[in-house]
Amino acid sequence: MIASVGLEVHVQLRTNSKMFCGCENRFGHDPNVQVCPVCLGYPGALPVINGKAIELTVKTGLLLGCTINHRSKFDRKNYFYPDQAKNYQVSQYDQPLCSGGHVDIVLDGETKRIGITRIHLEEDVAKNIHFGDASGIDFNRGGTPLMEIVTEPDMSNADEAFAFLSALKQILQYGGVSDCNLEQGNIRCDINASVRPSGSDTLGVKTEIKNMNTFKGVHRALKYEIQRQIRDIEKGREIIQETRRWDDETGVTASMRTKEYAHDYRYFPEPDLLPVELTDAQIEAWKEGLPEMPADRRDRMVRDYGIPEYDAGVLAADRAVADFFEATARACGNGKAASNWVMTDMMRCLSERETDIASIRMAPEQLAALIGLVDKKVINMPAAREVFSILFEQGGDPETIVKDKGLVQVSDEGAIEGMVDQVIGEHAKSVEDYKAGKQAALQFLIGQVMRISKGKANPQVVRELFMRKLG
Amino acid sequence: MTDHSRLTFEGAADLLASGGATSADLVRALFNRIDAVDKTVCAYTWLDREQAVRDAEAADTLRASGGGGRYTGVPIAVKDVLNVKDQPCTCGSRILEGYTAPYDATVIRRLKDAGVVICGRVNMDEFAMGSSNENSAFGPVRNPWQPDHVPGGSSGGSAAAVAADEAIAALGSDTGGSIRQPASFCGCVGLKPSYGRVSRYGLTAYASSLDQIGPITKTVRDAAALLGLIAGHDSADSTSVQAETAGIGDDLGKGIKGMKLGLPREYFIDGMDPDVEARVRDAVEVCRGLGAEIVDVSLPRTKYAVGTYYIIATAEASANLARFDGVRYGARVEGDDPISMYGATRAAGFGSEVKRRIILGTYVLSSGYYDAYYLRAQKVRTLIREDFDHAFQSCDAILTPVAPTAAYRLGENTDDPLKMYLGDIFTVTANLAGICGLSVPCGFTSAHLPVGLQILGPAFRENTILRVGHTYEQATDWHTRRAMP
Ligand SMILES: [Zn+2]
C-alpha cells in the first residue's frame, strides 16, 4: 500500500496589526484587550486590508516558487460559531494570492519535491475558553492575519510530512514571515491522508485530521492514521471520508462524527473590500527585499569566512544562529574561531539550557572580544571556556572578567621554568618514559605544570621548555 | 414670530450667522414641534433632549467666541441605522435592544466636526428592509400629508420628520431607493450619492455593495450642503472613492439651458398611477421650458432590475446580519448551546421581512444555486450598468418617476411582498449601477399625495443632478408646501 499525505498549514504572520483593523497583533495579553468594533463584528464596522500581511504572503509565495496572482480577492466564508465575531470569516476562495510552487525536502540524502497548491490569506478565529460549566471567548486572536499554505498530496509517510514542516518552518523564519513559535500556535495544520494499493493511480478515500499544533504530533498522528487505514482495508473495511481527531494522550485518531462535509460555506466575494491588484513593479520590489535563503547563505559563508561546508550548513540552518555567527566573525576577523565557538560551546549551552540564541545575554561583540583575547594569547583555551560560560549566563566584558578572575595567561619563560623544573624533579618516572619515547608522558608532565599554575601557564611555552630540557 | 422648525438647513445656518436665533432656540423649537405632531407621525425612535440642548449650547458658545463654521449649531435627525457614540442604534429591530454604539460613524464624525447637532434618531424599516416603514419593530411611521398612509421606506422616519417639520434635515440610507422613495412619498428632497461617494463606516450594513448614506431635506440646496459635509474618501471604508468633493453644489445656479435630459421609455409602464405619470411628464415639460433638450433614451435591462436587486441585496444581507447572534451585544435569548442560543435569539429578535430576506439570501448563495442566482445576478448587474453608460452618452441626466405610485394606505401592501418589491422598480437600478439619483417634489396626485421626480446622473456627477433639481425646484413651488399646519 502507498500513502498520500497533503497538509493545510496555517501560519500566523509577523505583522504589527491585525488583518483588517488597527488592533495589535501580539500573543500573551489579558483576554479581550486587543479588540475594536471591526474585529468584534460591531454593526457598521468595516474591514481594511493590512498591506503588510499581503506583502508577507507574497514573499512566502516567492520563496516557495509560486506564481503570484496579479489579481486576487477576498471572500466571505459563512458559518455560525462563537469563535467568529461576524459569523463569517473573510478568506480567499477561488482567487488566492499565490498559486503553484514547491518545497524541497531532503531525507536520507535524497531530495524530494513537495508541490504547493496555493497560498491564501484569511483572518484567524478567536479562542474559546471553557471554565467549568461556562464558556468565554477571547477575541485577542480574532482577526489576526493567518496564511494558509495548501500542499499537493505529495508526501508518502510521516517522516516526509515532518521533513516538509521543518523545511517550511526554516523558510518562513528566514523570510521574516512568521516567528513559527509552536507554543504560541504560530503554525497549526490540518492533515489529509489516504492510502491506495501499489500500482494504483487513483487516490484512496481521504480522512482529515484537524488542528494539529506540533510537528511531533503530526508525525505520530500520521504514523497511526496510515497504519489504521491499511489495517482497515486489509480487513475489508471501507475508509469513509471524515474528519478525525488526534488524541495525543492515547496516541490514536478517532472519528469526530460531525457533519463537517455537509457544511455549505456559501462563499461569495467580500463586498466591503476591493480586489487586491499587484503590479509587476510591486512584486519585483518585494522580491528584491527577500533575505538570503539557507543554501545560498551556506555557500557564501564558506567563501567569506573560509569555514568547512558542513559547518556553514549547520550554522545557516537557523537564521538567528547564522546572524550571531556572522556578527561575531565580522567583529573579530577570525571566522574559523567564531564558527568553532558557535558550533560547539554555544550549541551545547543552548541545548543544556533549552533556550535559543535570541534569548541569551551574550552579544556577538562579546564573543568576538573573547576570541581576540585568545588570539592575542592573553588567555589560554581552558580560561576562555570559563569566560565563555560566564558570558553565556550573564554577558559582560571578557577583558574585565579575565582581570577579575585572574585568568591572564603566563607566557614568561622565567616564571614557568621553575614550575617545569619542579615537575621534572617530582615525576622521575614520567621523565624516564618520555625519554624512552612515550609521547603521552609529555602530556602528563605539561598537565602537572598547568595544575601548579592554576591553568594560567601558556601550554605552548611549557611544552617548548620540556622539550628543550629533556631533548 | 417665525417657527424655527420650518427652517431649511441653509436658512438655519443664515439665521444663526445673523444672530437671529441660537442653536439652543432651534433645538427647543424642534422639540416643541415634535411634542405637537410626533404622536401622529411617529418618526422618532429616540431623543436625548438634555444632551441635544447641551450640544446646541456648546455650539452657541463656540460661535460666540468666533469659532465654528457655517453649519455650527444646525440640528439634524439621523436614521436609526447610523452609529453615534453613546447612543442606541436599533436599526428598527428588537435584536439590537440594549446596544449602545461605542463609536461614531464617519459621517457622524464629519457632521460633529462641522458643529452640526444631532437632535434625535428616526424610525426605519427593520435593517432598512422595506419600502413602507411598516417593518419597524417600533411600529409604523405615518405620512405627514395623510397619516393613514405610509411615508415610504426604509428611511420613512427621516422623510416624515423633515416633511412634518420635526427635523430641519435628516440623514437616511439608500440601498434600493430607501432615500428617494420616502422623500417622494413625503414631498421632500432625497439624494442618493454615487456608490463610494460617502463612507459607509458606521452604517449598519444591509447590502454592502448597494448601501449609501445621503440627505433628506426640504430643498435641493440643503441636500447639496449636507452632501458637501459628509462626502469624501475615508480610509476606514475601502469602497469609498478618492473623488473630488470640493465644489459640490457650486453649479446650482447655472440653469439647465442647453442640457440634454433623457427620458427612458422603460420607466413609463403599464399599471403605474396615471396621476404620477402625469405629474412627472408635467415636470419634464417644465424642464423643457427652462431650456433643456429632452431626448429619448433606452435602458432595456430595466425589467431584470428588481429580480437582480433582490438576489444581490439578500445574499449580502444574509451574511451581514449573521453577526446578530446575542453573543457580544444586543438582545439574547438563552439556549442549551451556542447554536441553539443563536436560533432562539434570532427567532425572537428579527421581524418577518428580515427573516424572509435572510432565507432568500441564504438560498441564492447555496451550493448548487450560486451560479444560477448570485453569479447570474452579478452579470445582469454589469449589463444594467452598461445600459446607463450607454444612455449617458446621449444625455447629461435622466428624468423618471421615483415610484410607480404615490404613498399607499397603511396595511395596503403588507400581505403581498412581491407587489411591494415591484414598487422599487425605478429606484433599484441606480444602486445596481452605482450612479447618483435625486428625488425632487413635482406635484400632487388627485388624492393630495406628493409625487417625486427622479433625476439620475452618471457616477460622481452629483453636481449635474443637483443643478437640474435646483433649477426645476426654483421654477416651481412644490417644495414650499407644508404637510402639516
Ligand atoms: Zn480590532
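The numbers attached to residues start from 1 for each chain and follow its sequence in the written order. Throughout, the order in which chains and ligands are written sets their labels, letters from A for the former and numbers from 1 for the latter. Residues qualify for local features only when their pLDDT is at least 70, as the model is predicted, and side-chain atom pairs are given and counted only at 80 or more; totals for whole chains, interfaces and linings, by contrast, use all residues.

**Some details on the overall build of chain A**
Argument step 1. The way it works is that DSSP assigns letters per residue, a run of H or I at least four long becomes a helix, a run of E at least two long becomes a strand, and they are numbered from the N terminus. Secondary structure summary: chain A contains 15 helices and 17 strands in total.
Argument step 2. On C-alpha atoms alone, chain A measures out to a radius of gyration of 30 Å, which is more than a quarter above the 23 Å that the 2.2 N^0.38 rule sets for 471 residues.
Argument step 3. Its C-alpha atoms put chain A at 95 × 55 × 55 Å along the principal axes.
Argument step 4. Residues are defined as contacting one another if the C-beta atoms placed from their backbone atoms lie within 7 Å. A separation threshold of at least 6 residues defines the contact pool for chain A, and within that pool the share at least 24 residues apart is 69%. Just to be clear, the radius of gyration here is over C-alpha atoms, and the globule rule we use is 2.2 Å times residues to the power 0.38.

**Observations regarding the overall build of chain B**
Argument step 1. When helices and strands are counted, chain B shows 15 helices and eleven strands.
Argument step 2. Its C-alpha radius of gyration of 21 Å places chain B within 12% of the 23 Å reference for a compact globule of 485 residues.
Argument step 3. Reported as C-alpha extents along the three principal axes, the dimensions of chain B are approximately 60 × 55 × 45 Å.
Argument step 4. The burial tally for chain B puts 62% of its 485 residues in the buried class.
Argument step 5. Look at the contacts in chain B between residues 6 or more apart in sequence, and 76% of them connect residues 24 or more apart. To assign burial, the other C-beta atoms lying within 10 Å of each residue's own C-beta are counted, with C-beta atoms placed from the backbone; 20 or more indicates buried, 12 or fewer indicates exposed, and intermediate counts indicate partly exposed.

**Some remarks on the domain arrangement of chain A**
Argument step 1. Considered domain by domain, chain A is made up of domain 1 (2–282), domain 2 (294–405) and domain 3 (413–470).
Argument step 2. Just so you know, the domain bounds were taken from an automatic or database domain assignment. Using only C-alpha atoms to locate each centre, domain 2 of chain A and domain 3 of chain A end up separated by 32 Å.

**Points about the nonpolar core**
Note that soluble globular proteins tend to have their nonpolar side chains buried in a common cluster.
Argument step 1. Of all hydrophobic cores here, the largest spans 226 residues; its most connected members are Ile76(B) and Ala170(B).
Argument step 2. Tallying contributions element by element places helix H9 (residues 305–320) of chain B first for this core, with ten residues.
Argument step 3. What Ile76(B) contacts, discounting residues up to four positions off in sequence, is Val116(B), Ile118(B), Cys119(B), Ala167(B), Ile168(B), Ala169(B), Ala170(B) and Leu171(B).
Argument step 4. Core analysis: the next-biggest nonpolar cluster, separate from the first, contains 36 residues, Met301(A), Ala329(A), Cys332(A) and Trp341(A) among them. To form a nonpolar core, buried Ala, Val, Leu, Ile, Met, Phe, Trp, Tyr and Cys residues must be joined through C-beta atoms within 7 Å.

**Points about the packing of helix H13 (residues 428–435) of chain A against helix H14 (residues 439–452) of chain A**
Residues and elements named next belong to chain A.
Argument step 1. Relative to each other, H13 and H14 sit at 140 degrees, their axes nearing to 7 Å. In this structure, the crossing between H13 and H14 has a hand that is left-handed. On the side of H13, the interface is formed by Ser430, Asp433 and Tyr434, while H14 contributes Ala441, Leu442, Phe444 and Leu445.
Argument step 2. Classification used: nonpolar for Ala, Val, Leu, Ile, Met, Phe, Trp, Tyr, Cys and Pro, charged for Asp, Glu, Lys and Arg, polar for all others including Gly. Along the lines of polarity and charge, the residues of the contact of H13 with H14 split into five nonpolar, one polar and one charged. In this analysis an axis means a line fitted to C-alpha atoms, helices contributing only their contacting stretch, and an angle means the value between N-to-C directions, from 0 to 180 degrees. By the definition used in this description, the sense in which the near helix is turned from the far one sets the handedness, with an anticlockwise turn below a right angle giving left-handed and a clockwise turn giving right-handed.

**Digging into the environment of Arg76(A)**
Argument step 1. If you trace the backbone, Arg76(A) turns up in strand E4 (residues 75–78).
Argument step 2. Overall, Arg76(A) belongs to the buried group, with 28 C-beta atoms counted inside 10 Å.
Argument step 3. Sequence separation of Arg76(A) and Gly51(A) is 25 residues, and the distance between their C-alpha atoms is 19 Å.
Argument step 4. Contact partners of Arg76(A), with chain neighbours within four places excluded, come to Tyr88(A), Val90(A), Tyr267(A), Phe268(A), Glu270(A) and Ala319(B).

**Things to note about helix H5 (residues 156–163) of chain B**
Side chains that are three or four residues apart share a direction in an α-helix, a result of its 3.6 residues per turn.
All names here are of chain B.
Argument step 1. Summarising burial for H5: eight of the eight residues are buried, a large majority.
Argument step 2. When we look at burial in H5, the residues that qualify are Gly156, Gly157, Ser158, Ala159, Ala160, Ala161, Val162 and Ala163.
Argument step 3. Two residues or fewer past H5, Asp165 is found with a positive phi of approximately 60 degrees.

**Regarding the interface of chain A and chain B**
Argument step 1. Across the contact, 24 residues belong to chain A and 34 residues belong to chain B.
Argument step 2. Residue composition of the side of chain A that touches chain B, by class: 15 nonpolar, four polar and five charged.

**A look at the sheet that holds E4(A)**
Residue and element names in this part refer to chain A.
Argument step 1. Strand order in the open sheet formed by three strands is E5-E4-E16, with antiparallel pairing between adjacent strands. Each of the sheet's edge strands pairs with one partner strand only, and the pair in question is strand E5 (88–91) and strand E16 (268–269).
Argument step 2. If DSSP finds at least two bridges between two strands, the strands pair. Bridge analysis of E4 against E16 gives two bridges, and the strand direction is antiparallel. The residue bridging Arg76 from the neighbouring strand is Phe268, located in E16.

**Points about helix H11 (residues 398–405) of chain A**
Residues and elements named next belong to chain A.
Argument step 1. Those residues of H11 not exposed but buried are Pro398, Ile401 and Val402. Buried positions in H11, seen along its axis, are confined to an arc of 100 degrees and lie on one side of it. For H11, the exposed residues lying more than 90 degrees away from the buried face are Thr400, Lys403 and Asp404.
Argument step 2. On the buried face of H11, the contacting elements are helix H9 (364–375) and helix H10 (381–394).
Argument step 3. In the stretch just after H11, Gly406 is the one whose phi turns positive, near 60 degrees. Picture the helix axis, draw a direction to every C-beta atom, and the arc is the one those directions span.

**Regarding the environment of Arg301(B)**
Residue and element names in this part refer to chain B.
Argument step 1. Considering the arrangement of structural elements, one finds Arg301 in the loop between strand E8 (293–297) and H9.
Argument step 2. Judged by the 20 C-beta atoms lying within 10 Å of it, Arg301 is buried.
Argument step 3. Separated by 80 residues in sequence, Arg301 and Arg381 have C-alpha atoms that sit 9.1 Å apart.
Argument step 4. With near-sequence residues (within four places) excluded, Arg301 lies in contact with Val380, Leu383, Ile384 and Asp387.

**What to know about the confidence of the model for chain B**
Argument step 1. Every residue carries a pLDDT, the predictor's confidence in it, which falls somewhere between 0 and 100. For chain B, per-residue confidence averages 97 on the pLDDT scale, and 100% of positions sit at 70 or higher.
Argument step 2. Interface scoring of the predicted complex returns ipTM 0.96; its pTM is 0.89.

**Some words on unusual backbone geometry**
Argument step 1. Cis geometry marks the peptide bond from Gly153(B) to Ser154(B); its omega dihedral reads 5 degrees.
Argument step 2. Positive phi, normally seen in glycine, also occurs at Asn211(A), with a value near 55 degrees.
Argument step 3. With respect to the secondary-structure elements, Asn211(A) resides in strand E13 (residues 207–212).
Argument step 4. Of the residues examined, Asn211(A) has 14 C-beta atoms within 10 Å and is grouped as partly exposed.

**Regarding the pairing of strand E8 (residues 110–123) of chain A**
Residues and elements named next belong to chain A.
Argument step 1. By the bridge criterion, two bridges tie strand E6 (residues 98–99) to E8 in an arrangement that is antiparallel. Its bridge partner being in E8, Ser99 is matched across the sheet by Arg118.
Argument step 2. When strand E7 (residues 102–107) meets E8, the two strands line up antiparallel, connected through six bridges. Bridging across to E8, Val103 finds its partner in Ile114.
Argument step 3. If you look at the hairpin formed by E7 and E8, you'll find two residues sitting between the two strands, and Asp108 has a positive phi there, around 50 degrees.
Argument step 4. Where E8 lies against strand E11 (residues 145–151), seven bridges are found, and the strand directions are antiparallel.

**Describing the sheet that holds strand E11 (residues 450–457) of chain B**
Residue and element names in this part refer to chain B.
Argument step 1. Pairing in this open sheet of eleven strands is mixed, and the strands run E1-E3-E2-E4-E6-E5-E10-E11-E9-E7-E8 from one edge to the other. Unpaired on one side and paired on the other, strand E1 (44–46) and E8 mark the two borders of the sheet. Taken over all neighbouring pairs, the strand axes of this sheet differ in orientation by 35 degrees on average, direction set aside.
Argument step 2. Looking at chain direction, strand E7 (residues 260–264) and strand E9 (residues 397–401) are connected through two bridges and run parallel. Paired with Gly262 across the bridge in E9 is Ile398.
Argument step 3. Lying over the sheet, helix H3 (residues 49–64) contacts strand E2 (75–79) and strand E3 (117–122), oriented at roughly 155 degrees with respect to E3.
Argument step 4. Here helix H7 (residues 220–230) sits on the sheet in contact with strand E5 (189–192), strand E6 (212–217) and strand E10 (436–444), set at roughly 145 degrees to E6.

**A word on the pairing of E11(A)**
All names here are of chain A.
Argument step 1. With five of seven residues buried, E11 lies mostly within the body of the structure.
Argument step 2. When strand E1 (residues 2–12) meets E11, the two strands line up antiparallel, connected through five bridges. Looking at the pairing, His10 lines up with Glu148 of E11.

**What about the environment of Ala397(B)?**
Residue and element names in this part refer to chain B.
Argument step 1. Structurally, Ala397 can be placed in strand E9.
Argument step 2. Exposure remark for Ala397: the 25 C-beta atoms within 10 Å place this residue in the buried category.
Argument step 3. On a C-alpha basis, the gap between Ala397 and Leu299 in space is 13 Å, while along the polypeptide they are 98 residues apart.
Argument step 4. Setting aside residues no more than four positions away along its own chain, Ala397 makes contact with Leu261, Ile455, Leu456, Gly457, Thr464, Ile465 and Val468.

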